[in-house]
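The primary structure of each chain is shown beneath.
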Amino acid sequence: MKLEFPKDFLWGSATASYQVEGAVHQDGKGITSWDEYYHMPNREYNGDISTDHYNRFKEDIKLMKQINQKTYRFSVSWARILPNGKGEINKKGLQFYDDLVEELLENNIEPNLTLYHWDMPQTLMETGGWLNRENISHFENYAKILFSHFRGRVKLWSTINEPASEVIEGYIQGTHPPLRKNYSEALQVAHHFNLAHAKVVKLFKEMNMEGKIGIALNPLPIHPASDKEEDKVAAEKAYAFHSDWYIAPIMAGKYPEKMFKECQRKYKSPRIQPGDMELLRDAKVDYLGINYYMRKVVAHNPDSTGNIDDTFKYVRVKDGNYTDWGWEIYPEGLYELLSKIQDDYGEIDFYITENGMGFYDKEQENGEIIDNDRLDYIKQHIIQVHRCLKDGISVKGYYVWSAIDLLSWTSGFEKRYGLIKVDFKTLERSIKKSGVWYAKFIADNFMECN
Ligand code: GCO
């Protein structure tokens, strides 16, 4: 069967500032929450150099061009623009993104700019980070600088990348900065992310910006481990916790009711001020960005302490296809997720802002990477994108995570994602087999499959 895609479909790949740029002290950049985190005692790696994309972006864009990419999603490091998160603009930092955008436009690659992908200026982190409501206005200011500067040149914007990851890993599990384990704080931070997002969406419209603005969420499709009622309830709770808690405020300006009541009872959080929910309701996004990697299967947890995320437990599926990091490869989940969101909230344009898989890439003797597993992963997910299109779900673009090998936040440089290989000793780049395949696929804009 021949699967054809719309002519204007945007095929691309993505990265995030801290994971690729390196150059952490170059040209006046301020310290961020992740610089701070990686320079705590006993950390084995850090992003000080990473792929050195900051100094090698031209070479990287050349390779993206060879892959025939129509678009590239990257994030701006707030602390390069405003080293303390507020105050004077650092011209050299802004110039870097200006050069990057110009290079992309010259190569006919559509820039897709994310304002915030987790690297919080440390000065603001020290005043409470996202827990401090006042910091929202600094984010608005920062957004305004970028909107004015890139008006007419950047047409695809997203506000925040995966708020759920920062909330859960940064404030519940304590594995990402600021290493907190406090449910009440976590829920408040999630609310502040929504307010920050909404204010910036409003600003985008007030400034009459050309183009589209959205957010990149990472909802998970969740299946119950059995037909038992208690497992079904567990799956509903897990979906509210991981997914709908972040989708509902963006799509409908509300929080999922049951979880909201439970959180008020247990944690007296989030605290909502008059006008907040109106603001969320009024901030209509032009699209929803989805970062999709895996599904989760859950069962009722009989040993629950009663916290919102341990009334359910994760179950490994027999015969499931898992990576070395325990992520289940489940392409159908992408279709299930998008159709569920559309059923729940109505039609919206989707962009798959991230999709890809981390593997240990094994080099051939000549250094080549024959990454059939990644190639197959991407192919299977693109087939699901086609299934969405066929069923009337409007998907406008797809970004492989990642454009190039980079630093995995808590798995280091061993877990590889790139279409482009980086030799981290020499920083030499080369296109992997998956990249060669993607280039041909983009040029054809169709796929033959059985
Ligand atoms: C990792 C993660 C990341 C994320 C991305 C989220 O291993 O570090 O998979 O690379 O996918 O940063 O937006």
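Because the structure is predicted, anything quoted here is derived from the model rather than measured. (Residues numbered from 1 in each chain as written. Predicted model: local features only at pLDDT ≥ 70, side-chain atom pairs only at ≥ 80, totals over all residues. Heavy atoms only, no water.)

On to the UniProt feature "active site" (unreviewed entry) in the chain. Under the present numbering, the feature "active site" (unreviewed entry) in UniProt falls on Glu354. Structurally, the position occupied by Glu354 is in strand 11 (residues 350-355). Judged by its relative accessible area of 3%, Glu354 is buried. Apart from residues no more than four positions distant in its own chain, Glu354 is found in contact with Arg73, His117, Asn161, Glu162, Ile290, Asn291, Tyr292, Tyr293, Tyr399 and Trp401. Side-chain polar atoms of Glu354 contact the side chain of Arg73, separated by 3.0 Å. (UniProt positions renumbered as here; feature names shortened; annotations may be inferred. Helix = DSSP H or I, 4+ residues; strand = E, 2+ residues; numbered from the N terminus. Buried < 20%, exposed > 50% of the residue type's maximum accessible area, 1.4 Å probe, protein only. Contact = heavy atoms within 4.5 Å. Polar contact = N/O pair within 3.5 Å; in protein donor to acceptor, adjacent residues only side chain to side chain.)

Time to look at the pattern of salt bridges. Tallied over the full model, the rule gives 26 salt bridges. Arg416 serves as the salt-bridge partner of Asp405, at 2.7 Å between the closest nitrogen and oxygen. You can see Asp405 sitting in the loop between strand 12 (395-401) and strand 13 (420-423) and its partner Arg416 sitting in the loop between strand 12 and strand 13, a full 11 residues away along the chain. When sorted by exposure, Asp405 lands in the same class as Arg416, which is buried. The closest approach of N and O atoms between Lys432 and Asp405, which form a salt bridge, is 2.7 Å. One end of the pair, Lys432, is in the loop between strand 14 (428-431) and helix 15 (433-444); the other, Asp405, is in the loop between strand 12 and strand 13, with 27 residues separating them in the sequence. Overall, Asp405 belongs to the buried group, its relative accessible area being 0%. One network of salt bridges, in which partners are shared, links Asp361, Asp371, Arg374, Asp405, Arg416 and Lys432. (Salt bridge = Lys/Arg side-chain N within 4 Å of Asp/Glu carboxyl O.)

This part is about the sheet that holds strand 6 (residues 212-217). Taken in spatial order, the 8 strands of this closed barrel run 2-3-4-5-6-8-11-12, and their pairing is parallel. Neighbour to neighbour, the strand axes of the sheet diverge by 25° on average, direction disregarded. The pairing of strand 3 (residues 71-75) with strand 4 (residues 110-116) spans 5 bridges and is classified as parallel. If you follow Ser75 over to strand 4, its bridge partner there is Thr114. Relative to the sheet, helix 13 (residues 332-345) contacts strand 8 (287-292), strand 11 and strand 12, its axis offset from that of strand 8 by approximately 150°. (Pairing = 2+ DSSP bridges. Axes fitted to C-alpha atoms, helices over the stretch in contact; angles between N-to-C directions.)

Residues in contact with the ligand amount to 13 residues; listed here are only the nearest, Asn161, Tyr293, Glu354, Ser408 and Tyr417. Here an oxygen atom of the ligand and a side-chain polar atom of Gln19 are 2.8 Å apart. Interatomic distance of 2.8 Å between a side-chain N/O atom of Tyr293 and an oxygen atom of the ligand. Burial of the ligand by the protein amounts to 94% of the accessible area it has alone, namely 340 Å². In this structure, the ligand is accommodated by the largest pocket. (Near = heavy atom within 4 Å. Areas by Shrake-Rupley, 256 points an atom, 1.4 Å probe, with all protein chains shown as cover. 1 Å grid on protein atoms, 1.4 Å probe; cavity = no way out; pocket = protein on both sides within 12 Å on 5 of 7 lines; lining within 4 Å. Sits in = over half its atoms within 2 Å of the grid points.)

Note on placement: His223 falls in strand 7 (residues 222-224). Within the structure, His223 has its side chain in polar contact with the side chain of Glu336 (distance 2.7 Å). What His223 contacts, discounting residues up to four positions off in sequence, is Ala235, Arg295, Lys296, Val297, Val298, Tyr330 and Glu336.

What follows is about the layout of surface pockets. Looking at the largest pocket, its volume works out to about 770 Å³. Along the wall of the largest pocket there are 32 residues; nearest its centre are Glu162, Ser165, Glu169, Met294 and Trp327. For the lining of the largest pocket, the secondary structure elements donating two or more residues are helix 8 (163-171) and strand 8. Counting residues per element, the lining of the largest pocket draws most heavily on helix 8, which supplies 4 residues. Its residues placed into classes, the lining of the largest pocket shows 14 nonpolar, 13 polar and 5 charged. (Points joined across faces, edges and corners; volume = space filled by probe spheres on them. Nonpolar A, V, L, I, M, F, W, Y, C, P; charged D, E, K, R; others polar.)

Here we come to the environment of Tyr314. The residue Tyr314 is located in strand 10 (residues 312-314) in this model. The exposure class of Tyr314 is partly exposed, given its relative accessible area of 41%. Tyr314 sits 282 residues away from Thr32 along the chain, and the two C-alpha atoms are 33 Å apart. Contacts of Tyr314, omitting those with residues within four sequence positions, involve His242, Lys296, Val297 and Val298. Engagement of the side chain of Tyr314 in a polar contact is seen with the side chain of His242, the distance being 2.7 Å.

Attention shifts here to the sheet that holds strand 10. Taken together, the 3 strands give an open sheet; going across it, the order is 7-9-10, and neighbouring strands pair in mixed fashion. The strands lining the two open edges of the sheet, one partner per strand, are strand 7 and strand 10. Across this sheet, the average inter-strand angle for adjacent strands is 40°, counted without regard to direction. With 3 bridges joining them, strand 7 and strand 9 (residues 296-300) adopt parallel strand pairing. By the bridge assignment for strand 9, His223 is matched with Val297. Taken strand by strand, helix 10 (residues 229-252) contacts strand 7, strand 9 and strand 10, and its axis lies near 130° from that of strand 9.

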